[in-house]
Amino acid sequence: MDKVKDFNLLLTDKERIVIISHVNPDGDAIGSATGMKKFLESNGKVVDIVVPNKYPQFLGFLDPMSKIITYKDNPEAAAKVLSGADVVLCMDFNSLKRIDDLGALVERSNGAKVLIDHHLQPENSFDIMFSDPGASSTCEVAYFLIKRMVMADRSLASLDLDAGISFYTGLMTDTNNFANSVRPETFRMACELLELGIDKEDIQFKVYSGFREERMRMMGYMLYENMKVFPQSKAGFMLITKELKERFDFRDGDSEGFVNLALNVAGVEVSALFTEADGYIKVSLRSKGDFSVNKLSRAFFNGGGHERAAGGKIYIPVSEVEEYFLDSLEKYRHTICK
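Residues numbered from 1 in each chain as written. Predicted model: local features only at pLDDT ≥ 70, side-chain atom pairs only at ≥ 80, totals over all residues. Heavy atoms only, no water.

**Quick word on the overall build of the protein chain**
As a reminder of what qualifies: Secondary structure elements follow DSSP: runs of H or I of four or more residues count as helices, runs of E of two or more count as strands, with numbering from the N terminus. Radius of gyration here is computed from C-alpha atoms only, and the compact-globule reference equals 2.2 Å multiplied by the residue count raised to the power 0.38. Note on exposure labels: buried denotes an accessible area under 20% of the residue type's maximum, exposed denotes more than 50%, and partly exposed covers the range between, all computed with a 1.4 Å probe on protein chains only. Only heavy atoms enter the contact rule, under which two residues are in contact if any of them lie within 4.5 Å.
Regarding its fold elements, the protein chain presents 13 helices and 12 strands. Relative to a compact globule of 338 residues, whose C-alpha radius of gyration would be 20 Å, the protein chain shows 20 Å and is just as compact. In terms of principal-axis extent, the alpha carbons of the protein chain reach across some 60 × 45 × 40 Å. When burial is assessed residue by residue, the protein chain has 50% of its 338 residues classed as buried. Residue pairs at least 24 apart in sequence account for 66% of intrachain contacts in the protein chain once pairs closer than 6 positions are excluded.

**Regarding the nonpolar core**
Soluble globular proteins tend to pack their nonpolar side chains together in the buried interior. Cut-off, in case you're wondering: Each nonpolar core is a collection of buried residues, namely Ala, Val, Leu, Ile, Met, Phe, Trp, Tyr and Cys, held together in the definition by side-chain atoms within 4.5 Å.
Counting residues in hydrophobic clusters, the biggest one holds 51 residues, and the most contacted among them are Phe-7, Met-36, Leu-89, Val-114, Ile-116, Phe-130 and Phe-167. It is helix H5 (residues 138-152) that provides the largest number of residues to this core, a total of nine residues. Setting aside residues up to four positions removed in sequence, Leu-89 forms contacts with Phe-7, Ile-17, Val-18, Ile-19, Ile-20, Met-36, Leu-40 and Val-114.

**Examining the side chain of Asn-94**
Short version of the rule: Any pair of nitrogen or oxygen atoms within 3.5 Å is treated as a polar contact; in protein, a donor-acceptor pairing is required on top of that, and neighbouring residues in sequence qualify only through side-chain atoms on both sides.
Structurally, Asn-94 is set in the loop between strand S4 (87-91) and helix H4 (102-108). A polar contact of 2.6 Å, which involves the side chain of Asn-94, links it to the backbone oxygen of Leu-120. Aside from chain neighbours lying at most four places away, what touches Asn-94 is Asp-117, His-119, Leu-120, Gln-121, Pro-122, Glu-123 and Phe-126.

**Overview of the layout of surface pockets**
Note the cut-off: Of the grid points, spaced at 1 Å and generated over the protein atoms alone, those admitting a 1.4 Å probe that cannot get out make up cavities, while open sets with protein on both sides within 12 Å along at least five of seven lines make up pockets; any residue with an atom within 4 Å of a point is treated as lining. Grid points are joined across faces, edges and corners, and a volume is the space filled by probe spheres set on the points. By the convention adopted, Pro, Cys, Tyr, Trp, Phe, Met, Ile, Leu, Val and Ala count as nonpolar, Lys, Arg, Asp and Glu as charged, and the other residues, Gly among them, as polar.
Approximately 240 Å³ is the volume found for the second largest pocket. Every residue lining the second largest pocket is counted, 13 residues in all, and those nearest its centre are Asp-132, Val-141, Phe-144, Leu-145 and Arg-148. When contributions to the lining of the second largest pocket are tallied by element, the ones reaching two or more residues are helix H1 (2-12), strand S6 (128-131) and H5. Top contributing element to the lining of the second largest pocket by residue count: H5, with five residues. In terms of residue class, the lining of the second largest pocket is built from six nonpolar, one polar and six charged.

**Brief notes about the pairing of strand S12 (residues 309-314)**
Note the threshold: Any two strands between which DSSP finds at least two bridges are classified as paired.
Only one face of S12 is buried, namely the one carrying Ala-310, Gly-312 and Ile-314, since none of Ala-309, Gly-311 and Lys-313 on the opposite face is buried. Direction of pairing for strand S10 (residues 281-287) relative to S12: antiparallel, over a ladder of six bridges. Bridge pairing in S12 places Arg-286 opposite Ala-309. Here strand S11 (residues 304-305) runs beside S12; their pairing, made up of two bridges, is antiparallel. Bridge pairing in S12 places Gly-304 opposite Gly-311. In this antiparallel pair of consecutive strands, S11 and S12, the connection spans three residues.

**Brief notes about the sheet that holds S11**
Note the threshold: Only the contacting stretch of a helix is used when fitting its axis, a line to C-alpha atoms as for every element, and angles between N-to-C directions run 0 to 180 degrees.
Read across the sheet, six strands follow the order S7-S8-S9-S10-S12-S11 without closing on themselves; strand pairing throughout is mixed. Each edge of the open sheet carries a strand with a single partner, namely strand S7 (228-230) and S11. Where strand S8 (residues 235-240) lies against strand S9 (residues 270-276), six bridges are found, and the strand directions are parallel. Its bridge partner being in S9, Met-238 is matched across the sheet by Leu-273. Packing against the sheet, helix H9 (residues 213-226) makes contact with S7, S8 and S9, and its axis sits at approximately 125° to S8. Against the sheet, helix H12 (residues 293-300) makes contact with S9, S10, S11 and S12, and its axis sits at roughly 10° relative to S12, the strand it touches most.

**A short note on the environment of Val-50**
Tracing the chain through its elements places Val-50 in strand S2 (residues 46-51). Residues contacting Val-50, with those up to four places away along its chain left out, are Val-18, Ile-19, Ile-20, Ser-21, Ile-69, Tyr-71, Ala-78, Val-81 and Leu-102.

**So, helix H2 (residues 27-42)**
Stated formally: One less than the number of residues in a helix, times 1.5 Å, gives the span that helix is expected to have.
Over its 16 residues, H2 extends 22 Å from the first C-alpha to the last, a length consistent with the 22 Å expected when each residue adds 1.5 Å. Burial analysis of H2 places 13 of its 16 residues in the buried class, which makes it a mostly covered element. One or two positions beyond H2, positive phi appears at Gly-44, with a value near 85°.

**Some thoughts on the side chain of Thr-175**
Its place among the elements puts Thr-175 in the loop between helix H6 (161-174) and helix H7 (184-196). Other than its neighbours up to four places away in sequence, Thr-175 contacts Ser-136, Asn-180, Ser-181, Val-182 and Thr-186.

**Comments concerning the sheet that holds S4**
Taken in spatial order, the six strands of this open sheet run S3-S2-S1-S4-S5-S6, and their pairing is parallel. Of all strands in the sheet, those bounded by a partner on one side alone are strand S3 (69-70) and S6. As paired strands, strand S1 (residues 16-20) and S4 are joined by four bridges and run parallel to one another. Within S4, the residue paired with Ile-17 across the bridge is Val-87.

See the structure below:
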């Protein structure tokens with residue numbers, strides 16, 4: 001509560017707030033950012049959201065006026081709002097490295113820097129930190145932070161329905177529809193948002209039934225032709241090359257959820273999705289049971305995350321990715337697991 005009071009005091013005479021989220025923003029990133037934006041705007045603040053690159057099309061209902069600034073498409077606008085920011089809220093990432101070139105702008109900003117996040121091992125470069133690695137999502141951290149802010153300062157307007165819709169979206173997507181990373185507080189939050197009046201069926205429809213035809217056909221191809229299962233390694237593997245992207249008119253966010261698919265196969269305890277990009281291979285990892293993809297990613301994939309959900313990057317030819325993945329699993333089990 002002391003940090004909450006410090007945050008409230010910080011915001012008292014500050015008007016311009018900029019919210020930053022991570023590269024390849026997902027439901028939790030956009031949900032937490034737009035939810036916090038709506039809360040702060042209802043309390044008289046001027047708020048902008050800046051993300052490094054585009055968010056998935058199916059999350060557009062959280063940004064109906066397309067006000068989120070994409071640094072990759074409009075670096076001048078991003079630089080302008082950050083140069084005038086009184087406070088920079090860094091949401092859903094634990095290190096400035098996770099926002100790529102946008103990190104330099106954040107570092108140069110004179111605004112106070114506040115972290116709101118749920119990832120492990122946040123870097124110590126923020127004035128105030130609200131970090132809870134045990135939380136299901138950054139939306140959960142932000143939701144209970146707002147409740148404490150209102151409790152500490154009764155003059156603040158409470159969370160409204162629009163903000164609740166944003167926060168529920170991030171909660172739902174980051175838990176894979178409440179299948180993992182949940183605790184009692186997670187369901188308590190969901191219950192309170194339902195009482196607030198959110199329509200969970202409508203949110204689920206917009207998120208899970210708003211995909212383009214090309215994306216659905218790509219998912220079918222990935223399952224039938226692309227996914228490999230390695231029983232001896234208890235692993236599933238998918239690889240999206242640039243050729244596949246072109247074939248299926250790939251857009252940012254189209255592969256959302258693909259990494260979870262192999263975990264539905266009996267005997268698979270770790271699933272990996274590798275996506276070819278310019279100059280590197282993006283890595284997404286998921287697991288079940290006691291397998292820590294956080295440790296795997298930190299050791300072999302220049303990344304990290306949660307125990308059962310992590311990511312990173314590797315800088316090798318795409319033709320070597322499969323062999324590298326299998327080799328990393330063998331080394332992991334023979335060293336880190338012991």
